[in-house]
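Given next are the chains, with one letter for each unit.
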Amino acid sequence: SGLQGSGKTTFGGKLANYLKKRKGKNPLLVACDVYRPAAIDQLKLLGDRINVDVYAEEGNKDPVNIAKNSLKYAKEKKKNLIIIDTAGRLAIDDVLMNEIGNIKNATSPSEILFVVDSMTGQDAVNTAKAFNDVLNFDGVVLTKLDGDTRGGAALTIKSVVNKPIKFIGNGEKLDALDIFYPERMADRILGMGDVVSLVEKAQDVYDEKKARELSKKIAKNKFGFDDFLNQINQIKKMGNLKDTVSMIPGMSQMKDVNIDNDSFKHIEALIQSMTPKERTNPKIIDHNRKKRIAKGAGRDVQEINALLKQFEQMSKMMKMVQSGGASKLMGMMQNFKQ
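Definitions and limits used
Residues numbered from 1 in each chain as written. Predicted model: local features only at pLDDT ≥ 70, side-chain atom pairs only at ≥ 80, totals over all residues. Heavy atoms only, no water. Helix = DSSP H or I, 4+ residues; strand = E, 2+ residues; numbered from the N terminus. Buried < 20%, exposed > 50% of the residue type's maximum accessible area, 1.4 Å probe, protein only. Contact = heavy atoms within 4.5 Å. Areas by Shrake-Rupley, 256 points an atom, 1.4 Å probe, with all protein chains shown as cover. Pairing = 2+ DSSP bridges. Axes fitted to C-alpha atoms, helices over the stretch in contact; angles between N-to-C directions. Expected span 1.5 Å × (residues − 1). Arc of directions from axis to C-beta. Polar contact = N/O pair within 3.5 Å; in protein donor to acceptor, adjacent residues only side chain to side chain. Phe/Tyr/Trp six-rings, centres within 6.5 Å; stacked < 30°, edge-to-face > 60°. Lys NZ or Arg CZ within 6 Å of the ring centre and 35° of its normal.

Thoughts on the overall build of the protein
Here's step 1: Helix and strand counts for the protein come out as 16 helices and 7 strands.
Here's step 2: For the protein, with 338 residues in total, the buried portion stands at 44%.
Here's step 3: Considering only contacts in the protein between residues 6 or more positions apart, those separated by 24 or more positions represent 70%.
Here's step 4: A total of about 18,600 Å² of accessible surface is found on the protein, and carbon and sulfur atoms cover 52% of it.

Digging into the sheet that holds strand S5 (residues 139–143)
Here's step 1: Within the open sheet, the 4 strands sit side by side as S4-S5-S6-S7. Their pairing is mixed. One side of each edge strand has no neighbouring strand; the edge strands of this open sheet are strand S4 (113–117) and strand S7 (177–179). Direction aside, the axes of adjacent strands within the sheet are offset by 25 degrees on average.
Here's step 2: Sheet topology places S5 next to strand S6 (residues 165–169); 3 bridges connect them, and they run parallel. Directly across from Val-141, in S6, lies its bridge partner Phe-167.
Here's step 3: Taken strand by strand, helix H1 (residues 8–23) contacts S4, S5, S6 and S7, and its axis lies near 70 degrees from that of S7.

Some remarks on the sheet that holds strand S3 (residues 81–86)
Here's step 1: Pairing within the open sheet is parallel, and its 3 strands lie in the order S2-S1-S3. In the strand order of this sheet, the two ends are held by strand S2 (53–55) and S3, each with one partner. Taken pair by pair, the neighbouring strands of this sheet meet at an average axis angle of 25 degrees, ignoring direction.
Here's step 2: Sitting on the sheet, H1 touches strand S1 (27–32) and S3, and the angle it makes with S3 is about 170 degrees.
Here's step 3: Seen against the sheet, helix H2 (residues 39–50) touches S1, S2 and S3 and runs at an angle of roughly 165 degrees to S1.

A few points about helix H5 (residues 122–135)
Here's step 1: For H5, spanning 14 residues, the distance from its first C-alpha to its last is 20 Å, which sits close to the expected 20 Å at 1.5 Å a residue.
Here's step 2: For H5, the set of buried residues is Ala-124, Val-125, Thr-127, Ala-128, Phe-131, Asn-132 and Leu-135. Looking straight down H5, one finds that the buried residues subtend no more than 165 degrees of arc, so they occupy a single side. For H5, the exposed residues set more than 90 degrees away from the buried face come down to Asp-123 and Asp-133.

What about the pairing of S5?
Here's step 1: Burial within S5 is extensive, with 5 of its 5 residues counted as buried.
Here's step 2: Of the two faces of S5, the one lined by Gly-139, Val-141 and Thr-143 and the one lined by Val-140 and Leu-142 are each fully buried.
Here's step 3: Sheet analysis places S4 next to S5, joined by 5 bridges and oriented parallel. From the neighbouring strand, Val-116 faces S5, where its bridge partner is Leu-142.

Describing helix H3 (residues 63–76)
Here's step 1: Its 14 residues place the ends of H3 20 Å apart at the C-alpha level, agreeing with the 20 Å of an ideal helix rising 1.5 Å per residue.
Here's step 2: Where H3 is buried, its residues contact S1, S2, S3 and helix H4 (94–107).
Here's step 3: Its side-chain oxygen at 3.1 Å from the backbone nitrogen of Val-64, Asp-62 defines the N-terminal cap of H3.
Here's step 4: Note on H3: the residue one or two positions beyond its end, Lys-78, has a positive phi of about 60 degrees.

Section: the packing of aromatic side chains
Here's step 1: If you walk through the whole model with that rule in mind, you get 6 aromatic pairs.
Here's step 2: With a centroid separation of 4.9 Å and 45 degrees between ring planes, the pair formed by Tyr-55 and Tyr-73 is classed as tilted. Residue Tyr-55 is found in strand S2, and its partner Tyr-73 is found in helix H3; the two are separated by 18 residues along the sequence.
Here's step 3: Consider the rings of Phe-114 and Phe-131, whose centres lie 5.1 Å apart with planes at 40 degrees: the pair is tilted. Of this pair, Phe-114 sits in strand S4 while Phe-131 is found in helix H5, placing the two residues 17 residues apart along the sequence. With respect to class, Phe-114 is no different from Phe-131; both count as buried.
Here's step 4: Counting every residue linked through ring pairs, the aromatic cluster contains Phe-11, Tyr-18 and Phe-167.
Here's step 5: Arg-89 extends its terminal NZ or CZ atom over the ring of Tyr-35, reaching a point 5.0 Å from the ring centre.

Below is the structure:
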């Protein structure tokens, strides 16, 4: 439940994806927003992307009836979880409140979640109170908690409705959903980073087999640009880059820097412009090869020079870490700062 534009439909898809992957559930998404143009199509698209069934009744404009019918359909299809996406309005009104109240009475949900846009500030608090008066919901979901938004509204909502904040959405991707932890949110608000969440994100994309293969390549000094490209893809899988960097203690100032996943595009273009032989053995890249690579990527030769230098430094660091040369590594990092 929540106002239009709060991110309810997207969160419904994220929640279904989370419960399917993490909890082994067999969910059903139910489209009860019969008013917003393309709302049903949006939910169906999300369902297709995560391979989750969506129950919708084309032409039926009675959301209460649709919700009731979905219960029977779920039993027939042996679904063990139903997520009902209700309609919203641009502002609170009697029609909206009566409708969601009737859906609650008709379906007797085991849990009701209130979804709110974390960027709406004090308005989010007022809306939460109004919805809670009608639904007595079980928990709050904060969406759009990425970029510059730190989630200060979370504290106020908790104090006003006294209901737990259960999830936070921090990006557009369907895996950009985290369980809410008060201590981590406090650290984010104070600009102290969130190391635990950062480690969890890294663990989600960590491939032990690939890590062992990479370790062997580094030991044999065979780390190439294909491996470098794989590392970039691993970082991108962790979600919004700006949000990920802000989890590092002392890096909260990065919220004011224009940094996103597109920042890698130029590097990827340069690497993909190389031949397989050049990616495997960058030392063969001479001036003529540099010109060809830069031209193929639509970039300047200076950029390929900078990339090769960064790659060389990165290779040295990885070699030092593996050989236990921590003190040498710290010295090199000091040189980088200078």
